[in-house]
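These are the residues of each chain, in order.
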Amino acid sequence: MTPILYMIRKEFLQVFRTREMMAILFVAPLVQVLVMGFAITNEVKHITLIIADQDNSVLSREITDAFTHTDRFNVVGYERDMARVGEAIHAWQAQMALVIPPGFGRDIRRGSRPQLQVIVDGLDGNSAGVALGYAGAILQERARQVGRQMPAALSLRNLHRVELQERMWYNLNLNNAQYMVPGIVVVLLTVISLILASIGLVREKEIGTLEQLLVTPLKKYQLLLGKLIPFLILSFIELGIVLKAAQWIFAIEMQGSYLLLAGLSAIYLFSTLGLGIFVSTITGSQQQAMFVSWFFMLLMIMLSGLFIPIENMPPLLQKVTYLNPMRYFMSIIRDIFQKGAAARHLLQDVIPLAGFGLLIFIFSVLKFQKRAA
Amino acid sequence: MNSQPVSVQTEGLTRRFGKFTAVDRVSITVNQGEIFGFLGANGAGKTTMIRMLCGLLKPSEGKGSVAGFDVYRQSEEIKKHIGYMSQKFSLYDDLTITENIEFYGGIYGLSREAIRHRREQLLEQTGLQDASRKMTRDLPLGFKQRLALGCALLHDPPVIFLDEPTSGVDPEARRSFWDLIYQTADNGKTVFVTTHFMDEAEYCHRVSIMRAGQLIALDTPGNLKKQYQQRSMQEVFVALVEAG
Ligand SMILES: Nc1ncnc2c1ncn2[C@@H]1O[C@H](COP(=O)(O)OP(=O)(O)O)[C@@H](O)[C@H]1O
Ligand SMILES: [Mg+2]
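These figures come from a predicted structure and were not determined experimentally.

S.K.: Account for the overall build of chain A, with residues named and values stated.
M.R.: Across its full length, chain A holds 15 helices and 4 strands. A total of 373 residues make up chain A; the buried ones form 51% of that total. Sequence separation of at least 24 residues holds for 78% of the intrachain contacts in chain A that already meet a minimum separation of 6. About 17900 Å² of surface is accessible on chain A, with carbon and sulfur atoms providing 64% of the total.

Right, here's the structure in full:
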């Protein structure tokens, strides 16, 4: 056996012997995927809605009825004054307002293009998106019915107008989990690999065994590989378990290749394990390492597009997301899951992912020194 | 094994942390087979000195060689020829005694055969044959320290550095640890040991005393006692440290 194999054996012995470690590795992620999965994907119901029907036509009343007769929305008031509508949203009395301007019904029958306004409180971006999706669906349904009563040429235009919204509620109306859960899997994979690597190294620093390893002839690459290979393997097991569980519980369909997903996950893990090494070099205790790791993770998650769509971020922040390896992997995993994308279609994400992985890894390995300067 | 009679040599070895000088121009020569004591109060710079010699810390200035290898350029070469027991207990508490021995043997690149042989030897030496499957954390500290010394000697290095190896254990356990140190030196190995127990200083062939990073005395315990007209190393130490 080479020294690396002895390192790997020792790491596995320790992991499987430590009950807390087993819990962190195998129980916590399942709980997290369940909790986060349900919390995030749970259908948004009873969205508080204010209706400002300034038109008061047959059509506007039909629309109002449609919003009233669904448990998606909970109509909390009718208001004509726009200032009051704004106040209600500010005061959190309503999450959404539907404004039907005067002449709306008349205009639509004439075939012109009237505006209808939906105001959403965007504080909870996810719910806001879902709410918009529902509103879009209801309005589209209405438009279809109106369309049937109209000459074809006009109805097409009107239909088109409403269906512009289609992108907004893509995948939100039926199975939000299909979209969110793969993202959560990415988060869990990141958490586990980053924490394992940083804590795994810092723990040895803290108890003093790292110094003992540094004073052996073990080469730096042997030491790091001996630590990281077990973490890589564990991260993969983790990925498998969480994916399978998520698929089973949330009935998510996997359109793409598992092999491709595994390969690209390995590339992604270069970034997170590398970051873990880096964290271990700048911290001296497990607590510090935990803290710094969480900081990096929050930053990565926030800038990944999981909770806040990247298009909704301020332009500067959007640019910052290009520095985030998780952003690319998030997009890759969604494309593989939902579109069954093949490797060649993912290149625009894979290339930066691999680039950052390599960069972070090399930088961290160089920063990790066998001898203090 | 190294044929040079000189095992550790430094000349003006210095280490600064920022503006603070932890080890200040220390020059020593330690011969093969010698038990060399390194004395000093907490913070005197003993650990810093050892860490420079072991290749864990880059010196700021001065010269140094260990087992014939230069501390600046050949630190990885040095690591093959030394054993080191840090002042923190450095075996894995959550591995069994056998697993610890096999692990350290393995990362020093010993063959399976050699590991098995050394393991049996070490278990016998430390009287732990019957406890070999025990978790290391369940051992009394005295046994742990003897085991740690054994692990640091698995690859048969000509020089061994022990940083306060006996802190925290009772006099009985300290005595049996020193028995091991004598055995090690009798096998021709150089033992470089730091301590703040002055009675242990009496067991060393030569001792050096450090204060605030500087070497303030270096001789045999007998000569030091004569020179300072004291009856014990304890008194020599008090006289020297109070003089400063
Ligand atoms: N990495 C470090 N950074 C800054 N100061 C240090 C570092 N290591 C040791 N020191 C300082 O150097 C001095 C000597 O420490 P040390 O060699 O550990 O003493 P001893 O082992 O004799 O108790 C102490 O004042 C300590 O605070
Ligand atoms: Mg010390």
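Here the narrative resumes.
S.K.: Go over the coordination of the magnesium ion (ligand 2) with me, naming the residues and quoting the values.
M.R.: Taken together, the protein donors to the magnesium ion (ligand 2) comprise Thr47(B) (OG1) and Gln87(B) (OE1), at separations of 2.0 to 2.3 Å. Here the residue Thr47(B) occupies a position in helix H1 (residues 46–53), and Gln87(B) occupies one in the loop between strand E6 (82–85) and helix H3 (97–107), the gap between them amounting to 40 residues.

S.K.: Would you mind going over the site of ligand 1 in detail, with residue names and values included?
M.R.: Residues and elements named next belong to chain B. Near ligand 1, the surroundings consist of Phe-17, Phe-20, Ala-22, Ala-41, Asn-42, Gly-43, Ala-44, Gly-45, Lys-46, Thr-47 and Thr-48. In the model, an oxygen atom of ligand 1 is placed 3.2 Å from a nitrogen or oxygen of the Ala-44 main chain. Here Thr-47 contributes a side-chain N or O atom positioned 2.6 Å from an oxygen atom of ligand 1. Those elements that provide at least two residues to the shell around ligand 1 are strand E2 (20–31) and H1.

S.K.: I'd love a proper account of the interface of chain A and chain B, names of residues and values included.
M.R.: Taken together, the 29 residues of chain A in the interface contact 36 residues of chain B. Buried surface at the junction of chain A and chain B, both sides included, amounts to about 2800 Å², of which 55% is carbon and sulfur. One can count 5 salt bridges joining chain A with chain B. For the pair chain A and chain B, the interface holds 17 residue pairs in polar contact (both at pLDDT 80 or more). Elements with a minimum of two residues in the side of chain A that touches chain B: helix H1 (3–17), helix H8 (176–207) and helix H9 (209–214) of chain A. In terms of residues, the side of chain A that touches chain B owes the most to one element, H1(A), which gives 8 residues.

S.K.: Kindly report on the nonpolar core, identifying the contributing residues and their values.
M.R.: One recurring pattern in soluble globular proteins: nonpolar side chains tend to sit buried together. In terms of nonpolar packing, the biggest core is built from 146 residues, with Met49(B), Leu53(B), Val66(B), Tyr104(B), Phe161(B), Leu162(B) and Phe192(B) touching the most fellow members. The dominant element in this core, judged by the number of residues it contributes, is H8(A), at 18 residues. Beyond its immediate stretch of four places on either side in the chain, Tyr104(B) contacts Thr209(A), Gln212(A), Leu213(A), Ser90(B), Leu91(B), Tyr92(B), Cys151(B) and Leu154(B).

S.K.: Please provide a residue-by-residue account of the sheet that holds strand E8 (residues 190–195) of chain B, values included.
M.R.: All names here are of chain B. With respect to topology, 6 strands assemble into an open sheet ordered E6-E7-E8-E3-E9-E10, the strand pairing being mixed. One side of each edge strand has no neighbouring strand; the edge strands of this open sheet are E6 and strand E10 (214–219). Here the average twist between neighbouring strands, direction ignored, is 15°. Of the strand pairs in this sheet, strand E9 (residues 206–211) and E10 are connected by 5 bridges, and their pairing is antiparallel. Following the sheet pairing, Val-207 is matched in E10 by Asp-219.

S.K.: Please provide a residue-by-residue account of the packing of aromatic side chains, values included.
M.R.: Summed over the entire model, instances satisfying the criterion amount to 18 aromatic pairs over all chains. Considering the side-chain rings of Tyr92(B) and Phe103(B), the 5.4 Å spacing of their centres and the 85° angle between planes classify their relative orientation as edge-to-face. With Tyr92(B) in the loop between E6 and H3 and Phe103(B) in helix H3, the pair connects residues that are 11 residues apart, well separated along the chain. Taken together, the aromatic side chains of Phe278(A), Phe295(A), Phe296(A) and Phe363(A) make up a single cluster linked through ring pairs.

S.K.: Hey, could you go over empty space enclosed by the protein for me, with residue numbers and the actual values?
M.R.: Summed over the entire model, instances satisfying the criterion amount to 1 cavity of 30 Å³ or more. Here the largest cavity is characterised by a volume of approximately 50 Å³. Together, Gln212(A), Tyr84(B), Met85(B), Ser90(B), Leu91(B), Tyr104(B), Tyr108(B), Ala148(B), Cys151(B) and Ala152(B) line the largest cavity. By residue class, the composition of the lining of the largest cavity is 8 nonpolar, 2 polar and no charged.

S.K.: Run through the domain arrangement of chain A, naming residues and quoting values.
M.R.: Where the parts come together, the accessible area they lose is often given as the size of the interface. Domains assigned within chain A are domain 1 (2–40 + 174–372) and domain 2 (47–153). Centre-to-centre, using C-alpha coordinates, domain 1 of chain A lies 43 Å away from domain 2 of chain A.

S.K.: Please provide a residue-by-residue account of the state of the cysteines, values included.
M.R.: All names here are of chain B. Enumeration over the complete set of coordinates arrives at 0 disulfides over all chains. With no disulfide of its own, Cys-54 has Cys-151 as its nearest cysteine by sulfur position, at a separation of 16 Å. On the basis of relative accessibility, which here comes to 3%, the residue Cys-151 falls in the buried class.

S.K.: Lay out the confidence of the model for chain B with the relevant residues and their values.
M.R.: When pLDDT is averaged along chain B, the result is 92; 98% of the residues meet or exceed 70. Here the predicted complex scores 0.79 on pTM and 0.92 on ipTM.

S.K.: Can you break down the sheet that holds strand E1 (residues 6–17) of chain B residue by residue, with the values?
M.R.: Residues and elements named next belong to chain B. On the basis of which strands lie adjacent, the open sheet formed by 4 strands has the order E2-E1-E4-E5 and antiparallel pairing. The strands lining the two open edges of the sheet, one partner per strand, are E2 and strand E5 (69–70). As defined by bridge partners, E1 adjoins strand E4 (residues 61–66) across 5 bridges and the pair is classed as antiparallel. Considered in E4, the bridge of Gln-9 is made with Ser-65. On the sheet, H1 packs against E1, E2 and E4 and is oriented at approximately 120° with respect to E1.

S.K.: So what's going on with the packing of helix H8 (residues 221–228) of chain B against helix H9 (residues 233–243) of chain B? Residues and values would help.
M.R.: Residues and elements named next belong to chain B. Running from amino to carboxyl end, H8 crosses H9 at an angle of 55°, the nearest separation of the two axes being 9 Å. Here H8 is positioned oblique relative to H9, judged by the angle of their axes. Judged by the twist between their axes, the crossing of H8 over H9 is left-handed. Residue-level contacts link Pro-221, Leu-224, Lys-225 and Tyr-228 of H8 to Met-233, Val-236 and Leu-240 of H9. Here the residues of the contact of H8 with H9 are counted per class, giving 6 nonpolar, no polar and 1 charged.

S.K.: How would you explain H9(B) if you had to name every residue and give the values?
M.R.: Residue and element names in this part refer to chain B. Met-233, Val-236, Phe-237 and Leu-240 are the residues of H9 that are buried. Viewed along the axis of H9, the buried residues span an arc of 95°, placing them on a single side of the element. Lining the buried residues of H9 we find strand E3 (35–40), helix H7 (198–201), E9, E10 and H8.

S.K.: Got a sec to walk through unusual backbone geometry? Specific residues and values, please.
M.R.: Despite not being glycine, Ala251(A) has its phi angle at roughly 50°, a positive value. Relative to the elements of secondary structure, Ala251(A) occurs in the loop between helix H10 (220–250) and helix H11 (258–282). Non-glycine residue Asp156(B) carries a positive phi angle of around 60°. For Asp156(B), the location among the structural elements is in the loop between helix H5 (141–152) and strand E7 (159–163). The class of Asp156(B) is partly exposed, set by a relative accessible area of 46%.

S.K.: So, the environment of Thr194(B): which residues are in play, and what are the values?
M.R.: Residue and element names in this part refer to chain B. Tracing the backbone through its elements, the reader meets Thr-194 in strand E8. The buried category is assigned to Thr-194, whose relative accessible area is 0%. Sequence-distant contacts of Thr-194, defined by excluding residues within four places in its chain, comprise Phe-38, Lys-46, Ile-50, Leu-162, Asp-163, Glu-164 and Pro-165. A distance of 2.8 Å separates the side chain of Thr-194 from the backbone nitrogen of Glu-164, its partner in a polar contact.

Parameters and conventions
- Residues numbered from 1 in each chain as written.
- Chains lettered and ligands numbered in written order.
- Predicted model: local features only at pLDDT ≥ 70, side-chain atom pairs only at ≥ 80, totals over all residues.
- Heavy atoms only, no water.
- Helix = DSSP H or I, 4+ residues; strand = E, 2+ residues; numbered from the N terminus.
- Buried < 20%, exposed > 50% of the residue type's maximum accessible area, 1.4 Å probe, protein only.
- Contact = heavy atoms within 4.5 Å.
- Areas by Shrake-Rupley, 256 points an atom, 1.4 Å probe, with all protein chains shown as cover.
- Donors = N, O, S within 2.8 Å, 3.2 Å for Na, K, Ca; no water.
- Near = heavy atom within 4 Å.
- Polar contact = N/O pair within 3.5 Å; in protein donor to acceptor, adjacent residues only side chain to side chain.
- Buried area = accessible area lost by both parts, 1.4 Å probe.
- Salt bridge = Lys/Arg side-chain N within 4 Å of Asp/Glu carboxyl O.
- Core = buried A, V, L, I, M, F, W, Y, C linked by side-chain atoms within 4.5 Å.
- Pairing = 2+ DSSP bridges.
- Axes fitted to C-alpha atoms, helices over the stretch in contact; angles between N-to-C directions.
- Phe/Tyr/Trp six-rings, centres within 6.5 Å; stacked < 30°, edge-to-face > 60°.
- 1 Å grid on protein atoms, 1.4 Å probe; cavity = no way out; pocket = protein on both sides within 12 Å on 5 of 7 lines; lining within 4 Å.
- Points joined across faces, edges and corners; volume = space filled by probe spheres on them.
- Nonpolar A, V, L, I, M, F, W, Y, C, P; charged D, E, K, R; others polar.
- Domains from an automatic or database assignment.
- Disulfide = S-S within 2.5 Å.
- pLDDT = per-residue confidence, 0-100.
- Parallel < 35°, antiparallel > 145°, perpendicular 65-115°, else oblique.
- Left-handed = near helix turned anticlockwise from the far one by under 90°.
- Arc of directions from axis to C-beta.

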